Amino acid sequence: MRLWALPLLIWPGVVAAAPVCQDVSAREGWQQAIFPVGIVEDVQVTGAWTVADGVHEPVGAPGHLGAVAEVLSQSGTRRVDPGAAHGTLLYRVEANGVSRQGTWAAFKTALDSTGPFRMNGGTLLFRINETDPGLSDNAGTLTVCLMYTE
């Protein structure tokens with residue numbers, strides 16, 4: 001029996017994507033996420049949380065929509081970003097003395113339209129879209145994963 005040794009081919013610049021993940025709790029305000037410097041190919045969010053445990057079903061990064069959104073809007077529940085859904089995942093980037101924040105949907109849309117980006121070690125923060133006084137009745141966790149190519 002003869003065994004053949006096949007050479008291992010390595011394409012320059014191509015490295016399998018490796019995820020680096022951080023959990024974001026629904027019961028805390030802005031939470032710093034530590035991500036290494038490198039090229040990020042994709043960002044994914046998994047998990048579920050709610051702004052009112054036992055009252056509203058847990059949701060993902062887009063937050064509470066539809067009839068629940070109507071109820072929450074009428075309840076006076078306050079949001080960090082009044083233009084975004086209750087319970088949506090918010091992000092804030094702080095780099096070089098400049099701060100920028102928005103919704104998960106805006107972050108994902110920008111990434112999808114521009115393609116891979118270089119994570120340069122600035123401060124990246126996440127939170128649920130509810131003001132700090134309302135966090136105590138929240139439940140759940142979302143996990144934010146950056147998929148690195150190098």
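Use the structure listed above.
About the criteria used
Residues numbered from 1 in each chain as written. Predicted model: local features only at pLDDT ≥ 70, side-chain atom pairs only at ≥ 80, totals over all residues. Heavy atoms only, no water. Core = buried A, V, L, I, M, F, W, Y, C linked by side-chain atoms within 4.5 Å. Buried < 20%, exposed > 50% of the residue type's maximum accessible area, 1.4 Å probe, protein only. Helix = DSSP H or I, 4+ residues; strand = E, 2+ residues; numbered from the N terminus. Phe/Tyr/Trp six-rings, centres within 6.5 Å; stacked < 30°, edge-to-face > 60°. Lys NZ or Arg CZ within 6 Å of the ring centre and 35° of its normal. Pairing = 2+ DSSP bridges.

## What about the nonpolar core?
Grouped together as the largest cluster of nonpolar side chains are 25 residues, with contacts concentrated most on F35, V43, W49, L89, F126, V144 and L146. At the level of elements, β3 (38–50), β4 (89–95), α2 (104–114), β7 (123–128) and β8 (139–148) are the ones that each hand at least two residues to this core. A total of four residues in this core trace back to one element, the largest contributor, which is β8.

## Observations concerning the packing of aromatic side chains
Under the defined criterion, the tally for this structure stands at three aromatic pairs. Where Y91 meets F107, the ring centres are 4.9 Å apart and the plane angle is 50°; that geometry is what we call tilted. With Y91 in strand β4 and F107 in helix α2, this pair connects stretches of sequence that are 16 residues apart. Judged by its relative accessible area of 14%, F107 falls in the buried class. Here the aromatic rings of W104 and F107 are separated by 6.1 Å at their centres, their planes lie at 35°, and the arrangement is tilted. Note that W104 and F107 are positioned in helix α2 at a spacing of three residues, about one turn of the helix. Joined through ring pairs, the aromatic side chains of Y91, W104, F107 and F117 make up one cluster. Above the face of the W30 ring, R92 is positioned so that its terminal group lies 4.4 Å from the ring centre.

## Thoughts on the pairing of β7
Burial analysis of β7 places five of its six residues in the buried class, the great majority of the element. Relative to β7, strand β2 (residues 31–33) runs antiparallel, the two being bridged by three bridges. Bridge pairing links Q32 to L125 in β7. Pairing of β4 with β7 involves six bridges; the strand directions are antiparallel. Paired with V93 across the bridge in β7 is L124.

Nothing here speaks to function; it is all geometry.
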